[in-house]
Amino acid sequence: MAVFGYEMDEHRASSSRRRRSLYHNLGGGRFADIIFWKNKKQSGTILAVFTLIWFLFEVVEYPFITFICQILLLFIFIFLIWSYIGSSKLIQSKPPSINDLRISESTWRFLFNKINWFIIKLYDISSGKDFRLLFLAVVSLWILSVVGNYFSSLTLLYIVFVGLETIPMLYEQYEEELTYAASKSGRDMKKLLNKFNSKVINKIPKAQAKTRRTM
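Everything quoted here is computed from the prediction, not taken from an experiment. (Residues numbered from 1 in each chain as written. Predicted model: local features only at pLDDT ≥ 70, side-chain atom pairs only at ≥ 80, totals over all residues. Heavy atoms only, no water.)

Undergrad: Would you mind going over the pattern of salt bridges with me for this structure?
TA: For side chains bearing opposite charge, pairing can occur when the charged atoms are close. In total, this model carries one salt bridge according to the counting rule given. As a salt-bridge pair, R109 and E105 come within 3.9 Å of each other at their nearest N and O atoms. Here R109 and its partner E105 are both found in helix α6 (residues 105–126), four residues apart, which amounts to about one turn of the helix. Relative accessible area serves as the criterion here: at 47%, R109 is assigned to the partly exposed category. Judged by relative accessible area, E105 falls into the exposed class, the value being 62%. (Salt bridge = Lys/Arg side-chain N within 4 Å of Asp/Glu carboxyl O. Helix = DSSP H or I, 4+ residues; strand = E, 2+ residues; numbered from the N terminus. Buried < 20%, exposed > 50% of the residue type's maximum accessible area, 1.4 Å probe, protein only.)

Undergrad: What am I meant to see in unusual backbone geometry here?
TA: Even without being a glycine, E61 presents a positive backbone phi close to 60 degrees. Topologically, E61 is positioned in the loop between α3 (40–59) and α4 (64–87).

Undergrad: Mind showing me how you'd approach the confidence of the model for the chain here?
TA: Low pLDDT means the predicted coordinates in that region are not meant to be read closely. Per-residue pLDDT for the chain averages 76, and the proportion of residues at 70 or more is 74%. When mean pLDDT is compared element by element in the chain, α3 scores highest at 89, while helix α10 (residues 207–214) scores lowest at 50. Low pLDDT, under 50, characterises residues 1–6; the predicted model gives this stretch one contact beyond four residues in sequence or across chains. (pLDDT = per-residue confidence, 0-100. Contact = heavy atoms within 4.5 Å.)

Structure below.
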């Protein structure tokens, strides 16, 4: 138990450094904040919207064109009624102006920065500087291509999105336990391999020794 407590203290001492590195590896900023649920209201809203879209198109099988047209009609009627009520001064809140509906340049800049970050990461992985990361990327893409044969594109994207919104958060929450379990499993596996080498592999007579005896 003392050894266990000492090892857990070591993991707690280095957990903040690992957490920061994982946070920055995911790009930092708004995207990482959503993935790590720094803003729970925003992350929960995005997850609820994606779940609703998946439910409408995959479970209910709602037509996509019909959905888009009805959403646009709903916005038109809302803005029409809002403009009429606002002009008649029945309510104090005024409808949004054209400038309020425009997408800001910072939003487009944020999207393009994320696209550039993805391209740079893809190029960095493809360069082969980190073979483990390259192998992990190739295996992950191959698994996704195989899984894609059994699910629709929307369902696959929904599964990936839910994984992105849950796995990093769960890893951050239980990082100490997972890291300790992984390191302990690695040490136990190394001990078993050493025992197997000493008791089995090393006792097998080598070919050179046999040839010397026959001579």
